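Chain residues, written in single-letter form:
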Amino acid sequence: MASRNTWRKFLNAFMFSLTGLCAFTAVGFLFFILGYLLWNGGRALNWAFFTHLPTPVGEAGGGMANALVGSAKLLLLASLVGVPMGFLGGVYLAEFGGRTFSFFVRYTTDLLNGVPSIVMGIFAYTVVVLPMRHFSTLAGGLALGVMMIPIAVRSTEESLRTVPQTLREGALALGASKWKTVASVVVPAAIRGIVTGFVLDLARVAGETAPLLFTAFSNRFWSLGWNQPTASLPVMIYTYAIAPYEDWHRQAWAAGLVLLLLVLVANIGARLLVTGRMSVHQV
Amino acid sequence: MPGFPKKWWPKKSRPLRRSINMASLPITVERAGLEHRARNFLRRLRSGDEIAHLITLLAAAGILLVTGLLIYELFANSPLPRQKFGWAFLAGRTWDPVMENFGALPFIYGTVVSSALALLLAVPLGVGAAIFLSELAPPGISNALTFVIELLAAVPSVIYGLLGIFVLVPTLRTVVQPFLKTTLGFLPLFQGPMFGVGMLAAGVVLAIMIIPFIISISREVLLAVPVAQREAALAVGATRWEATWRVVVPFARAGILASVFLALGRALGETMAVTMVIGNDPRISASLFAPGYSIAAVIANEFAEATSDLHLQVLIELGLVLFFLTIVINALTRLVILSTTGRGTAH
Amino acid sequence: MRKLAVPVVLLFVSLNLWAGCLLAAPAAPSDAILINGAGATFPYPIYSKWFSDYNKLHPDIQINYQSIGSGGGIRQLQAGTVDFGASDAPMTDEQLSQATTKVLHFPTVLGAVVPTYNISGVSQELNFTPEVLADIFLGKITKWNDPALAKVNKGVSLPDEDVVVVHRSDGSGTSFVWTDYLSKVSSEWQTKVGKGTSVNWPVGLGGKGNEGVAGLVKQTPGTLGYVELIYAVQNKLAYGRVRNSAGAFVKAALAGVTAAAASVAKQMPQDFRVSITNPPGKAAYPISSFTYLLIPTKIDDPAKKKALTDFLHWMLSDGQKEAEPLSYARLPKEVVAKEVQTIAQID
């Protein structure tokens, strides 16, 4: 009996140590990624990276200035597409929706969320690039924008649902109409969660490469306006990483570091914004 | 956390459907009929409710439209493969652009196997970590570690690919694969030349990418298990581990399963990281060391340059196949969730 | 901390977007002409130099060239999404008929496709016969110390290791040149695989672009792939000698490529579509190729048309000087003269 208990105690300690190992391994992955990028990317990061255009193969001193700007433009377009539709759709589901229609909208939003990013790229190619006969920032922005919609809808709806019913009823009791309630009372109460959702959404979409491969294409020069192909950070990382040139590898690390830092800062900032605490589910 | 639902659509707690604008109530209740309804409508219109309703409805309808358009475009732009191959397309094994003979099987195989391998590696690690974070770790550490792990989900896929090429692949080629070959080389899984790139590399990269999803959701689900269950187990003399493994985890089984399906859905659609490490060879091979190809990877590689109309449409058809795969996984996840909320376990 | 989080995040995001818009404003002359082209990776080193130098000479003309593979160049030109294409493989009659306007081929430079390898412990140059190359790519020769290889490489101790074949995963003119050569020298290859920009490779890993193949070969020991000469040189990869039709083992060099072109220079067809693999001549390098710019005859925008035609004139005169430092061979004089005449056909 005693030996069985010893075994059970041993198993207890052993299994929990094992799970602890699992947890620290998972955590370790992130720190490894961050550290590796900081080391390799940090060494390659210089002023030229931020201000120069890409140079021909073999010539040193190239940078990714146009990719940085291009990514910013694409994200701007994406938010113009994704934010209004996502926000209004979320408001509909939370405040105005009927039962069956809302069910379909939610189901479709889930569906859209599950669309692989490469398929989104095909969609934007057939709908924008082919008719326009042009690779363009517009097409890339559209692809990214449509990817933003599902998460924007979901986060808006969830944030609105956390607003207590009493708040709404109070406003209505004072004589406000429905839309006034929503606009002046409910949304502001939930604004923090909504904004967080959008920031997280934007950060996720900022790192997407596949939808841009055959929509925004790429560009060795500055991309003027919205009608031309544009370089973007993720696509440049991809192109440079699979090439054999050392100089390009260096730049890929630097770009990777910049992208990762942008995404992490947005994520951390947004998290702290909504909860003021560290984790989504507080123990 | 980006990319997946924290709370599944909760049960109804809907606000009032219509506004009660005191001023608009008719003075005499008997006044029914068209005139009364029209006046009511105009009042609501002026007060802006109908417009707001309409605008948001349009946005919601827009979402339906966009998704419908997406599916339509995919279908409409891929008639040739269905005409030429029919259902046999899904079982075809050759990928011969010269002879215009295309088959989807190597890619379906590659997608499924790399995702399955990823699950095999990620689920034990993820559930183990979740158990640690929910049961054993003190609250502060648990929250901090979860925060960090959830950040892992935010890392862009191309960065995983970058690290895959320069860190994972050489490590696999020089350390891991020779080790596996010498110890487990009798299995057909670990035979053949060792390139570094291949199915194993893809599986490992995908595993790291989906771990945060499994950990995050499983942890939430485990935390939601009623304390009474744990206490009951401990009260009859179980060790903490036994209580966890035999009572808490089975109780949260459905939620953990849901997290696995979610992670699977994510793994299936992953493009960039897989393209960079899978070896890009449309071959079905028993060995994990062999290169393979996934649906998303072949579309990324060949779409911009498909040499013939049939080739291009075959790629779009493959996109449809992938889409349906993710729909099925999605539906399975929802089913699991539905059965969950019915029994009152997770969330 | 919490109070700061809101403004910090908003500031951060808006700074990015604002900077983007600001910088997106004229960073180039507002009347800049942007011409988009895509295609072969084979000549990418010289094309990127040409377009960059031309832009320095004419700052208002930006020619944006993306190397996505010859197949991509042809396909995007057919779809009309780029202004010009580039390919090592001349367009077939069928492809020409699918384009919206008549397309002209303009040879730009000559290059060589070399068998490049990475064998640990072997630093000498290897000799390859056509049969050996075909058999390796067919999967019949699997070890480096195969007797057929050893026979032509006396004095080199080849290791008992697997040959890892690397080919292109994308639609490639370099692949076309390589498979065109193999089809000419091996009837088995001709019947089993054939020639094309994308073929059903019997064995091997796939790399994206010449860059991808060079990258794979560089990082993986035991590999044998094929790349354009400059990619092997720039990445300090070893490449072997190939036996030509006259029986001599020739290492790819400008002289050999020029000799290969000389055999057809005088009888160049009017549309310049020609194959110069496995040519007669003692000094000729057997796997050489022209590479072409694919220019549509009808260009709607007069500014673009002028820019393109001016560039072509520059390319045929000053541009040719930049070819040799990058290991490409200049065009023969007769070909240049014919091309200058053809430029007039662009409307």
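Another aspect to go through is the overall build of chain B. A count of helices and strands for chain B gives 13 helices and 2 strands. Scored against the burial criterion, the 347 residues of chain B give a buried share of 50%. If you take every contact in chain B between residues at least 6 apart in sequence, the share linking residues at least 24 apart comes to 76%.

Turning next to the overall build of chain A. What chain A contains, in helices and strands, is 11 helices and 0 strands. Rg of the C-alpha trace for chain A: 24 Å, well past the compact-globule value of 19 Å for 283 residues, more than 25% over. Over its C-alpha atoms, taken along the principal directions, chain A stretches across nearly 70 × 70 × 30 Å. In chain A, which comprises 283 residues, the proportion classed as buried is 63%. Restricting to contacts in chain A with at least 6 residues of sequence separation, those with at least 24 account for 74%.

On the chain A side, the residues contacting the 90 residues of chain B number 86 residues. The element that contributes the greatest number of residues to the side of chain B that touches chain A is helix 2 (residues 49-76) of chain B, accounting for 16 residues. Residue classes in the side of chain B that touches chain A are distributed as 58 nonpolar, 24 polar and 8 charged.

On to the pairing of strand 2 (residues 61-67) of chain C, then. Residue and element names in this part refer to chain C. Along strand 2, 7 of the 7 residues are buried, which leaves the element largely enclosed by surrounding structure. In the sheet, strand 1 (residues 33-39) pairs with strand 2 via 7 bridges, with the strands oriented parallel. Within strand 2, the position partnered with Ile-33 by the bridge is Ile-61. What joins strand 1 to strand 2 is helix 2 (residues 44-57), and the crossover it makes is right-handed.

Moving on, we come to the pairing of strand 4 (residues 103-118) of chain C. Working note: regular strand, side chains alternate between the two faces of the sheet. Residue and element names in this part refer to chain C. Taken across its 16 residues, strand 4 has 15 buried, putting it largely inside the fold. Judged from the 9 bridges that link them, strand 4 and strand 12 (residues 288-296) form a sheet pairing that is antiparallel. Across the sheet, Pro-107 pairs through a bridge with Tyr-292, a residue of strand 12. Inspection of the sheet shows strand 4 paired to strand 9 (residues 238-239) by 2 bridges, in the antiparallel sense. Bridge pairing links Tyr-117 to Ala-238 in strand 9.

This paragraph deals with the nonpolar core. Membership of the largest hydrophobic core comes to 310 residues, with the highest contact counts inside it found for Ile-237 of chain A together with Ala-201, Val-205, Ile-210, Ile-214 and Val-277 of chain B. Residue contacts for Ala-201 of chain B: discarding those within four places in its chain leaves Gly-164, Leu-168, Val-169, Leu-172, Gly-196, Val-277 and Ile-278 of chain B.

This part covers the domain arrangement of chain A. Residues and elements named next belong to chain A. Under the domain assignment used here, chain A contains domain 1 (2-44) and domain 2 (48-282). Taken together, the contact between domain 1 and domain 2 spans 6 residues of the former and 7 residues of the latter. Its residues placed into classes, the side of domain 1 that touches domain 2 shows 3 nonpolar, 3 polar and no charged.

Quick look at helix 12 (residues 295-302) of chain B now. Burial runs high along helix 12 of chain B: 8 of the 8 residues are buried. Turning to helix 12 of chain B, its buried residues number three or more, namely Ile-295, Ala-296, Ala-297, Val-298, Ile-299, Ala-300, Asn-301 and Glu-302 of chain B.

As a further point, take the packing of helix 5 (residues 139-152) of chain B against helix 7 (residues 199-223) of chain B. How two helices pack is summed up by the angle between their axes together with the distance between the axes. All names here are of chain B. In the contact formed by helix 5 and helix 7, the axes pass within 8 Å of each other and the chain directions differ by 140°. By the angle between their directions, the pair helix 5 and helix 7 is classed as oblique. Of the two possible hands of crossing, helix 5 and helix 7 adopt the one that is left-handed. The residues of helix 7 that touch helix 5, namely those facing Thr-146, Ile-149, Glu-150 and Leu-152, are Ile-211, Pro-212, Ile-215, Ser-216 and Arg-219. In the contact of helix 5 with helix 7, the residues fall into 5 nonpolar, 2 polar and 2 charged.

A few words on the environment of Leu-145 of chain B. The residue Leu-145 of chain B is located in helix 5 in this model. Residues Leu-145 of chain B and Ser-285 of chain B lie 140 residues apart in sequence; the distance between their C-alpha atoms is 39 Å. In this structure Leu-145 of chain B touches Ala-23 and Val-27 of chain A together with Leu-133 and Ala-137 of chain B, once residues within four positions along its chain are discounted.

All names here are of chain C. Packing of helix 12 (residues 302-316) against helix 13 (residues 333-343) brings their axes to within 11 Å, and their N-to-C directions diverge by 170°. The orientation of helix 12 with respect to helix 13, classified from their angle, is roughly antiparallel. Contacts between helix 12 and helix 13 pair Thr-309, Leu-312, His-313 and Leu-316 from the former with Val-336, Glu-339, Val-340 and Ile-343 from the latter. For the contact of helix 12 with helix 13, the per-class residue count stands at 5 nonpolar, 2 polar and 1 charged.

Right, let's get into unusual backbone geometry. The phi dihedral of Phe-217 of chain A is positive, around 60°, even though this residue is not glycine. Structurally, Phe-217 of chain A can be placed in the loop between helix 9 (210-213) and helix 10 (233-241). Judged by local crowding, Phe-217 of chain A falls into the buried class, with 30 C-beta atoms found within 10 Å. Even without being glycine, Phe-272 of chain C reaches a positive phi, approximately 65°. In this fold, Phe-272 of chain C is placed in the loop between helix 11 (254-265) and strand 12.

Bringing the sheet that holds strand 5 (residues 127-128) of chain C into the picture now. Reading across from one edge, 5-10-11 (chain C) is the order of the 3 strands in this open sheet, with mixed pairing throughout. Unpaired on one side and paired on the other, strand 5 and strand 11 (249-251) of chain C mark the two borders of the sheet.

Quick look at the confidence of the model for chain B now. Residue and element names in this part refer to chain B. Looking at chain B, the pLDDT average stands at 83 and 87% of residues meet or exceed 70. Ranking the helices and strands of chain B by mean pLDDT puts helix 4 (residues 105-136) first, with 93, and helix 1 (residues 34-46) last, with 75. The low-confidence segment residues 343-347 (pLDDT under 50) makes 15 contacts with residues lying over four places distant or belonging to another chain. Interface scoring of the predicted complex returns ipTM 0.84; its pTM is 0.82.

All right, on to helix 2 of chain B then. Here helix 2 of chain B is 28 residues long and its end C-alpha atoms lie 39 Å apart, about the 40 Å a rise of 1.5 Å per residue gives. Of all the positions in helix 2 of chain B, only Asp-49, Ala-52, Thr-56, Ala-59, Ala-60, Ile-63, Val-66, Thr-67 and Leu-70 of chain B are classed as buried.

Looking now at the environment of Leu-34 of chain C. On the secondary structure map, Leu-34 of chain C appears in strand 1. Residues Leu-34 of chain C and Gln-62 of chain C, 28 residues apart in the sequence, show an inter-C-alpha distance of 4.8 Å. Each residue touching Leu-34 of chain C, except ones within four places of it in the same chain, is listed here: Leu-224 and Gln-228 of chain A together with Gln-62 and Asn-64 of chain C.

Okay, the environment of Ser-155 of chain A next. All names here are of chain A. With respect to the helices, strands and loops of the structure, Ser-155 is situated in helix 6 (residues 137-162). Separated by 42 residues in the primary sequence, Ser-155 and Gly-197 have C-alpha atoms spaced 5.3 Å apart. In this view, Ser-155 contacts Gly-193, Ile-194 and Gly-197; residues no more than four positions away in its chain are not counted.

Turning our attention to the confidence of the model for chain A. With 96% of its residues at a pLDDT of 70 or more, chain A has an overall mean of 87. Residue range residues 277-283 of chain A is modelled with pLDDT below 50. Its contacts to residues more than four positions away, or to other chains, number 17 contacts.

Here is what the cut-offs are and how they apply
- All chains use their own residue numbering, which begins from 1 and follows the written sequence.
- Here every chain gets a letter starting at A, and every ligand a number starting at 1, in the order they are written.
- Residues qualify for local features only when their pLDDT is at least 70, as the model is predicted, and side-chain atom pairs are given and counted only at 80 or more; totals for whole chains, interfaces and linings, by contrast, use all residues.
- Strands are runs of DSSP state E lasting at least two residues, helices are runs of H or I lasting at least four, and both sets are numbered from the N terminus onward.
- Labels follow a simple rule on C-beta atoms placed from the backbone: if 20 or more others lie within 10 Å of a residue's own, it is buried; if 12 or fewer, it is exposed; otherwise it is partly exposed.
- The contact criterion used here is simple: two residues whose C-beta atoms, placed from the backbone, lie within 7 Å are in contact.
- The globule rule used for comparison is 2.2 Å times the number of residues to the exponent 0.38, while the radius of gyration itself is calculated over C-alpha atoms.
- Three categories are distinguished: nonpolar for Ala, Val, Leu, Ile, Met, Phe, Trp, Tyr, Cys and Pro, charged for Asp, Glu, Lys and Arg, and polar for the others, with Gly belonging to the last.
- Here a strand pair is declared whenever DSSP counts at least two bridges between the two strands.
- The definition of a right-handed crossover adopted here requires that, viewed with the strands pointing away, the path from the first strand over the helix to the second runs clockwise.
- Note on terminology: a nonpolar core is any set of buried Ala, Val, Leu, Ile, Met, Phe, Trp, Tyr and Cys residues joined through C-beta atoms within 7 Å.
- Domain start and stop positions are those given by an automatic or database domain assignment.
- Note on method: axes are straight lines fitted to C-alpha atoms, helices fitted across the in-contact stretch only, with angles between N-to-C directions ranging 0 to 180 degrees.
- The labels follow the angle: roughly parallel below 35 degrees, roughly antiparallel above 145, roughly perpendicular from 65 to 115, and oblique for the rest.
- Take the far helix as the reference: if the near one is turned anticlockwise from it by less than a right angle, the crossing is left-handed, and if turned clockwise, right-handed.
- pLDDT is defined as a per-residue confidence score from the predictor, taking values between 0 and 100.
- One less than the number of residues in a helix, times 1.5 Å, gives the span that helix is expected to have.

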